[in-house]
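Okay, here's what each chain looks like letter by letter:
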Amino acid sequence: KQEVTQIPAALSVPEGENLVLNCSFTDSAIYNLQWFRQDPGKGLTSLLLIQSSQREQTSGRLNASLDKSSGRSTLYIAASQPGDSATYLCAVRHDTGKLIFGQGTTLQVKP
Amino acid sequence: NAGVTQTPKFQVLKTGQSMTLQCAQDMNHEYMSWYRQDPGMGLRLIHYSVGAGITDQGEVPNGYNVSRSTTEDFPLRLLSAAPSQTSVYFCASSLQGPPYGSPLHFGNGTRLTVT
């Protein structure tokens, strides 16, 4: 059974820091992995989608990497800003088709 | 471009009542799905559809029905509400369903309380 884990559950950093969020999964038979952002009381916003054949994807200050063999993905946020404060979730598309979510990392960036 | 629209945003029901949560998308997406989000449980798939006229069960389908008569709409019906169905419900869609794995787009959610 595919399990997706995000550690830490919460993270607080000062503005300007570069930071890394972690996502691990137990079954490497995946089609892709997607990172989302969720603001309080809102839905999820897609940040980056990495196909299983890719190693990384970049969008602005965000960079996501994928290592299927080790069952890990990281989301790198450069020069963090208070507006980056949100909960970040990763989701793995298993080859059964199901999308399995992690529990999320709640990030607070302090001014 | 409205994206994925969910109504209502908030709803309070009494045990045993029925209701329909509405979801509509204007992106011509084939794949649509319903999730519920609960503290400590993460997001769990209720039902999904890979196209008009086709639906299937997810991880937690009991107590819910869906139909997909058009590409745009994917309503979720609670047949007889129970307190265990208190949750935040999200509708999500993507251009193609599994296994193609195009990005998933979410609505803003419906917060449901069952007393």
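Notes on the structure in this doc start here. (Residues numbered from 1 in each chain as written. Chains lettered and ligands numbered in written order. Predicted model: local features only at pLDDT ≥ 70, side-chain atom pairs only at ≥ 80, totals over all residues. Heavy atoms only, no water.)

**Details of the state of the cysteines**
Cut-off, in case you're wondering: Cysteine sulfur pairs qualify as disulfides if the two atoms are within 2.5 Å. Runs of H or I in DSSP of at least four residues are treated as helices and runs of E of at least two as strands, each being numbered from the N terminus. Between buried and exposed lies partly exposed: a residue is buried under 20% and exposed over 50% of the maximum accessible area for its type, with that area taken using a 1.4 Å probe on protein chains only.
All chains considered together, the criterion is met by two disulfides over all chains. Shown here is the disulfide that connects Cys23 of chain A with Cys90 of chain A, its sulfur atoms set 2.0 Å apart. With the S-S dihedral at roughly 75°, the linkage between Cys23 of chain A and Cys90 of chain A falls on the right-handed side. Of the two residues, Cys23 of chain A is situated in strand β3 (residues 19–25) and Cys90 of chain A in strand β9 (residues 86–94); the sequence distance between them amounts to 67 residues. On the basis of relative accessible area, Cys90 of chain A is assigned to the buried category, the value being 0%. Put simply, Cys23 of chain B and Cys91 of chain B are joined by a disulfide, and their sulfur atoms are 1.9 Å apart.

**Considerations on the sheet that holds strand β7 (residues 62–67) of chain A**
Residues and elements named next belong to chain A. Let me state the cut-off plainly: Strand pairing requires that DSSP identify at least two bridges connecting the strands. Between N-to-C directions, angles cover 0 to 180 degrees, with each direction set by a line fitted to C-alpha atoms, over the stretch in contact for helices.
Spatially, β1-β3-β8-β7-β6 is the arrangement adopted by the five strands of the open sheet, whose pairing is antiparallel. Looking at which strands have only one partner, the edges of the open sheet turn out to be β1 (4–7) and β6 (56–59). For this sheet, the mean angle separating the axes of adjacent strands, direction not counted, is 15°.

**Quick look at the pattern of salt bridges**
For clarity, the threshold we go by: Salt-bridge detection follows one rule: a side-chain nitrogen of Lys or Arg within 4 Å of a carboxyl oxygen of Asp or Glu.
Counted under the stated rule, the structure contains four salt bridges over all chains. A salt bridge links Arg61 of chain A to Asp84 of chain A, with the nearest nitrogen and oxygen atoms 2.8 Å apart. Linking Arg61 of chain A in the loop between β6 and β7 with Asp84 of chain A in the loop between β8 (72–77) and β9, this pair joins segments that are 23 residues apart in sequence. The exposure class of Arg61 of chain A is partly exposed, given its relative accessible area of 30%. Residue Asp38 of chain B is joined to Arg44 of chain B by a salt bridge in which the shortest nitrogen-to-oxygen separation is 2.9 Å.

**Notes on the side chain of Gln2 of chain A**
All names here are of chain A. Applied cut-off: Whenever two N or O atoms come within 3.5 Å, that pair is a polar contact, provided that in protein one can donate a hydrogen and the other can accept it, and provided that, for residues adjacent in sequence, both atoms are side-chain atoms. Every residue pair with non-hydrogen atoms within 4.5 Å of one another is taken to be in contact.
Mapped onto the secondary structure, Gln2 falls in the segment before β1. A polar atom in the side chain of Gln2 sits 3.0 Å from the backbone nitrogen of Thr26. At 2.9 Å, the side chain of Gln2 and the backbone oxygen of Asp27 are in polar contact. Setting aside residues up to four positions removed in sequence, Gln2 forms contacts with Phe25, Thr26, Asp27, Ile30, Val92, His94 and Ile100.

**Looking at unusual backbone geometry**
Here the amide bond leading from Ile7 of chain A into Pro8 of chain A is cis, since omega sits at 5°, within 30 degrees of zero. Looking at the element boundaries, Pro8 of chain A is found in the loop between β1 and β2 (10–14). Of note in this structure, Ala79 of chain A is not a glycine but carries a positive phi near 50°. With a phi angle near 60°, Asn28 of chain B is a residue other than glycine that sits in the positive phi range. Tracing the chain through its elements places Asn28 of chain B in the loop between β3 (19–25) and β4 (31–38).

**Here we look at the interface of chain A and chain B**
To keep it simple, the criterion reads: Buried area is understood as the total, over both parts, of accessible area removed when two parts are fitted together, assessed with a 1.4 Å probe.
In this complex, chain A contributes 18 residues to the contact, which on the side of chain B involves 19 residues. Of the roughly 1600 Å² buried at the junction of chain A and chain B (both faces included), carbon and sulfur atoms supply 56%. Contact with chain B buries area across many residues of chain A, yet Leu44, Arg93 and Phe101 of chain A alone supply 29% of it, more than any other trio. Summed over the shared surface of chain A and chain B, the number is zero salt bridges.

**Here we look at the sheet that holds strand β1 (residues 4–7) of chain B**
Residue and element names in this part refer to chain B. Pairing within the open sheet is antiparallel, and its four strands lie in the order β1-β3-β8-β7. Looking at the sheet topology across the chains shown, the edges are occupied by β1 and β7 (64–66). In this sheet, neighbouring strand axes are inclined to one another by 20° on average, regardless of whether the strands run parallel or antiparallel. As paired strands, β1 and β3 are joined by four bridges and run antiparallel to one another. The residue bridging Thr5 from the neighbouring strand is Ala24, located in β3.

**Here we look at the pairing of β7 of chain A**
Residue and element names in this part refer to chain A. As defined by bridge partners, β6 adjoins β7 across four bridges and the pair is classed as antiparallel. Bridge pairing in β7 places Ser59 opposite Leu62. Counting the residues that bridge the hairpin from β6 to β7 gives two residues, and of these Gly60 lies at a positive phi of roughly 60°. In this sheet, β8 lies alongside β7 in antiparallel orientation, the contact comprising six bridges. Looking across to β8, one finds that Ala64 is bridged to Leu75. The antiparallel hairpin formed by β7 and β8 contains four residues in its connecting segment, where Gly71 sits at a positive phi of about 70°.

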